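Here is what each chain is made of, one letter per residue.
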Amino acid sequence: MVKYFHSTEVALHNSADDCWVSIHGSVLDLSEFLGANRGPLARPIIEAAGGDISFWFDKATGDVKTYMDPDRLLTLPYTPMGRFLHVPPPEPTSEWNTDFGTPWWKNENYIIGKLSTKPRKINVVNTLTQQEHLLEVCSEETISEIQGRYVAFNGHAASYTWKRLTADGEKFIVMEMDKNLEDNGVPDEDFDFEKLHIPDDYYVPVIHVYYNDDLTIA
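Just so you know, these numbers come straight off a predicted model, no measurement behind them.

Peer 1: Explain the environment of valine 27 to me, using residue names and the numbers behind them.
Peer 2: Within the fold, valine 27 resides in strand S3 (residues 26-29). Taking the C-alpha atoms as reference, valine 27 lies 9.6 Å from serine 7; in sequence the two are 20 residues apart. Setting aside its immediate chain neighbours within four residues, valine 27 contacts Phe5, Val10, Trp20, Val21, Ser22, Tyr110, Ile111, Ile112, Gly113, Lys114 and Leu115.

Take a look at the structure:
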């Protein structure tokens, strides 16, 4: 199952020892890679840690973008932040080798998930304790995956049934754990709010969780 992350999560991993980046929708963890490849060529990646570096790469080919050097009439890698690991030097040199195999940006072993196309906020209300927690989640995530995020606030999260209130406010409906918010009847209204110039935090959907009394630990 694909794991989704929102940009705020990626941004937390912003150092040489804990480095995540996103490239055309994929999230890569380069922490171990950088740990084994310290040096000046690692610097541009470290400086970009926690951010999106899609603009470094051609979306169609997946390769580093190139440009035509007008003086030498050569096609060279376009590296506005400086040359980085696995990018060949602009001039021939005996120090350059390709024994690294697949360049890191094409190495699927570093991909840990996908970048969400639309983060959402929900307010989870525990009907047993009346505690409320504001969660930022990914629109693609299932309720089961959102439940996994809720574990940080409630270790017995799996012992709760997740419900939403119907549009008319008349009754609560049990949510299907293998479907996302939209498919469970919780639409994303941010676009409508934007058209009406209403702040996106004006209304946050509320999800109610009901304790099942089975002491399950998530």
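There is more to say after this.
Peer 1: So, the packing of aromatic side chains: which residues are in play, and what are the values?
Peer 2: In this structure the tally under the stated criterion is 17 aromatic pairs. Between tryptophan 56 and phenylalanine 57 the ring centres are 6.3 Å apart and the planes differ by 45 degrees, which places this aromatic pair in the tilted class. The class for phenylalanine 57 is buried, based on a relative accessible area of 1%. Ring geometry for phenylalanine 57 against tryptophan 105: centres 5.5 Å apart, planes inclined by 40 degrees, an arrangement best described as tilted. With a gap of 48 residues between them, phenylalanine 57 in the loop between helix H3 (43-47) and strand S4 (66-69) and tryptophan 105 in the loop between strand S5 (74-77) and strand S6 (111-115) connect regions that are remote in the sequence. Considered together, phenylalanine 57 and tryptophan 105 belong to a single accessibility category, that of buried residues. Three or more aromatic residues joined by ring pairs make a cluster, and in this case those are Phe33, Phe55, Trp56, Phe57, Phe84, Trp104, Trp105 and Tyr110.

Peer 1: Outline the sheet that holds strand S2 (residues 20-23), supporting the account with residue identities and numerical values.
Peer 2: Across the sheet, which stays open at both edges, the four strands sit in the order S1-S6-S3-S2 with mixed pairing between neighbours. At either margin of the open sheet sits one strand with a lone partner, and together these are strand S1 (4-5) and S2. Sheet topology note: the S3/S6 ladder contains three bridges and is antiparallel. The residue of S6 that forms the bridge with valine 27 is glycine 113.

Peer 1: Talk me through the pairing of S6; I want residue IDs and the actual numbers.
Peer 2: Where S1 lies against S6, two bridges are found, and the strand directions are parallel. The residue of S6 that forms the bridge with phenylalanine 5 is leucine 115.

Peer 1: Now, about the pattern of salt bridges: what can you tell me, with residues and values included?
Peer 2: Side chains carrying opposite charge are able to pair once their charged atoms draw close together. Taken as a whole, this structure holds eight salt bridges when the rule is applied. Residue aspartate 69 pairs with arginine 72 through a salt bridge whose shortest N-O separation is 3.0 Å. For the salt bridge of arginine 72 with glutamate 91, the shortest nitrogen-to-oxygen distance reads 2.2 Å. Within this pair, whereas arginine 72 is found in the loop between S4 and S5, its partner glutamate 91 is found in the loop between S5 and S6, the two being separated by 19 residues in sequence. What you see here is one network of salt bridges that share partners, running through Glu9, Glu141 and Arg149.

Peer 1: Help me get a handle on the nonpolar core, residues and values and all.
Peer 2: Counting 23 residues, the largest nonpolar core has Leu30, Leu34, Ile45, Phe57, Phe84 and Trp104 as its most contacted members. Contributions of two or more residues to this core are made by S2, helix H2 (31-35) and H3. In this structure leucine 34 touches Ala16, Cys19, Ala42, Ile45, Ile46 and Leu85, once residues within four positions along its chain are discounted. Ranked by size, the runner-up nonpolar core spans 15 residues in total, among them Ile122, Ile143, Ile146 and Trp162.

Peer 1: Give a detailed account of the pairing of strand S11 (residues 206-211), specifying residues and quantitative values.
Peer 2: Pairing of strand S7 (residues 119-126) with S11, which is carried by four bridges, proceeds in the parallel orientation. Note on S11: the bridge partner recorded for asparagine 126 is valine 209. When strand S9 (residues 160-165) meets S11, the two strands line up antiparallel, connected through four bridges. Within the sheet, the bridge partner assigned to tyrosine 160 lies in S11 and is tyrosine 211.

Peer 1: Describe helix H4 (residues 143-150), and please don't skip the residues or the numbers.
Peer 2: Within H4, burial applies to Ile143, Ile146, Gln147, Arg149 and Tyr150. Down the axis of H4, the buried set is contained in an arc of 155 degrees. They therefore lie on one face. On its buried side, H4 packs onto S1, helix H1 (7-11), S7, strand S8 (132-138), S9 and S11.

Peer 1: Quick one: what's the story with the UniProt feature "domain: Cytochrome b5 heme-binding" (unreviewed entry) in the chain, residue by residue and with numbers?
Peer 2: Per the UniProt record, "domain: Cytochrome b5 heme-binding" (unreviewed entry) is found at residues 2-116. The span residues 2-116 shows a helical share of 13% and a strand share of 20%, and its end C-alpha atoms are spaced 11 Å apart.

What counts, and where the lines are drawn
Residues numbered from 1 in each chain as written. Predicted model: local features only at pLDDT ≥ 70, side-chain atom pairs only at ≥ 80, totals over all residues. Heavy atoms only, no water. Helix = DSSP H or I, 4+ residues; strand = E, 2+ residues; numbered from the N terminus. Contact = heavy atoms within 4.5 Å. Phe/Tyr/Trp six-rings, centres within 6.5 Å; stacked < 30°, edge-to-face > 60°. Buried < 20%, exposed > 50% of the residue type's maximum accessible area, 1.4 Å probe, protein only. Pairing = 2+ DSSP bridges. Salt bridge = Lys/Arg side-chain N within 4 Å of Asp/Glu carboxyl O. Core = buried A, V, L, I, M, F, W, Y, C linked by side-chain atoms within 4.5 Å. Arc of directions from axis to C-beta. UniProt positions renumbered as here; feature names shortened; annotations may be inferred.

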